[in-house]
Amino acid sequence: MTRLVVLGATGSIGHQTLEVADRLELEVHAIAARRASDALLELATVYPDARVGVAGPTPSEREQLMATLGDRVLFGPEALVELAATPEATVVNGTVGVAGLPASVAALVAGNRLALANKESLVAGGDVVLNARDRGGGRLVPVDSEHSAIYQCLVGEPPASVRRLILSASGGPFRGRTSDQVESATVDEALDHPTWQMGPRITIDSATLMNKAFEVIEAHHLFGIDYDRIDVVVHPQSIVHSLVEFVDGSFKAHLGEPDMRVPIQYAITEPDRATGPAAPFDLVGRSLSFEEPDREAFRCLDLGYAAGRAGGSAPAALNAADEIAVLAFLERRIGFGSIAAIVERTLEDVEHRTLTSVDDVLDMDREARAIAHGHVGGSC
Ligand code: MG
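Definitions and cut-offs
- Residues numbered from 1 in each chain as written.
- Predicted model: local features only at pLDDT ≥ 70, side-chain atom pairs only at ≥ 80, totals over all residues.
- Heavy atoms only, no water.
- Donors = N, O, S within 2.8 Å, 3.2 Å for Na, K, Ca; no water.
- Buried < 20%, exposed > 50% of the residue type's maximum accessible area, 1.4 Å probe, protein only.
- Phe/Tyr/Trp six-rings, centres within 6.5 Å; stacked < 30°, edge-to-face > 60°.
- Helix = DSSP H or I, 4+ residues; strand = E, 2+ residues; numbered from the N terminus.
- Pairing = 2+ DSSP bridges.
- Axes fitted to C-alpha atoms, helices over the stretch in contact; angles between N-to-C directions.
- Contact = heavy atoms within 4.5 Å.

**Quick word on the coordination of the magnesium ion**
Ligation of the magnesium ion by protein atoms is provided by D144 (OD), E146 (OE) and E215 (OE), these donors lying 2.2 to 2.4 Å from the ion. One chain supplies every donor for the magnesium ion, spaced along it as D-x1-E-x68-E. Per residue, the accessibility class of D144 equals that of E146, and both read buried.

Now the structure itself:
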């Protein structure tokens, strides 16, 4: 019986994970979120046996939760770490931000299966996460649709057979626009993603292609493939979720209707598959097209490759700077074109070093944020 720990239970990944869990009749052992929202309290009622973690409660929330949930509730960032280390659990990490890293590490050190949807764990802390997996013997399975696709294409294939990985990108709302048109894009335009419904930061990251840059870095860590053998192709229909090219010239691709419940379920059940959850999909009448990404209009893609190749603290700084720049853009303090510029300047200014622990990563995250804040101030 799969014993599920769902971190970020009230977010989009958490919600869809619980849907999968209910259909497969899995044991929901724990749910956790950043705040004690009504949504979390409702989940605590739906799953009366589940432990409940709240990472950052206010004092009054803490009091109220202790009164209603008693022993079931745990508080503070260490609550997520404790729940992630539940023996023999499958941990779905659907939290957002670098704050999700300690729980990823704890799950892997405890030898658990980690269904990873928290991008920052691998982007900012890739070496630390892989080290935790090697030490604890946990199983790291991606939830992101592109990485799940590649993971599935690689089943049964020896590493020496792989020529390159090809991540598909929808191209975002600004595909086909010139650099000048992209530079002057507005917040409303950038939030209007053509295929996926997601939170505001990842939607902006999709519009700049920074999200794809993060996925390149994640793929490097997940599959142990160097950056020269990871490519990005723009595929506006989002039907081919990613591909692998093999040394004999064969390609394998993973296809389907965009539906995050599919990769979430696979991350929980692999190497087995369970029936559902996707709606029937018909290839007949579909056209699939592929094009090169415009690296001039979307500079974040190459900034990501450069940070990935530099390694050490560069990807952590890339992520932190991007988060600050995206926030400033959403607050209409900087233009769309300034996001890449702020990330680039932060990468130049940060003091680069090797990151070997969770604390190293969190320190670098703080430093890079402070530097990026300075650049946002300078751009206003
Ligand atoms: Mg993705």
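**Focus on the packing of aromatic side chains**
Using the criterion set out here, one finds four aromatic pairs in the structure. Plain terms: the ring middles of Y151 and Y266 are 6.4 Å apart, the flat faces sit at 75 degrees to each other, and that makes the pair edge-to-face. Of the two residues, Y151 is situated in helix α7 (residues 145-153) and Y266 in helix α12 (residues 261-269); the sequence distance between them amounts to 115 residues. A single burial state applies to Y151 and to Y266, both of which are buried. Centroid distance F174 to F336: 5.2 Å. Interplanar angle 85 degrees. Geometry classified as edge-to-face. Of this pair, F174 sits in the loop between β8 (162-169) and α8 (179-183) while F336 sits in the loop between α14 (314-330) and α15 (338-349), placing them 162 residues apart in sequence.

**Brief notes about the sheet that holds strand β9 (residues 230-234)**
Paired through their backbone hydrogen bonds, the strands of a sheet run either parallel or antiparallel. Strand order in this open sheet of four strands is β9-β8-β10-β11, and the pairing throughout is mixed. Unpaired on one side and paired on the other, β9 and β11 (251-255) mark the two borders of the sheet. Shown here is a sheet whose adjacent strand axes are inclined to one another by a mean of 20 degrees, direction ignored. Direction of pairing for β8 relative to strand β10 (residues 240-246): antiparallel, over a ladder of five bridges. Bridge pairing in β10 links I166 to L243. On the sheet, α7 packs against β8, β10 and β11 and is oriented at approximately 40 degrees with respect to β10.

**Overview of the sheet that holds strand β5 (residues 90-93)**
The strand order β4-β3-β2-β1-β5-β6-β7 describes an open sheet built from seven strands, whose pairing is parallel. A single partner strand is all that each edge strand has here, and the edge strands are β4 (73-75) and β7 (139-142). On average, each strand axis in the sheet is tilted by 20 degrees relative to the strand beside it, whichever way the strands run. Together, β3 (51-54) and β4 form the strand contacts of helix α3 (residues 59-69), whose direction differs from that of β4 by roughly 160 degrees. Helix-sheet contacts for helix α4 (residues 77-84) involve β1 (3-7), β2 (27-33), β3, β4 and β5, and the interaxial angle to β4 is about 125 degrees.

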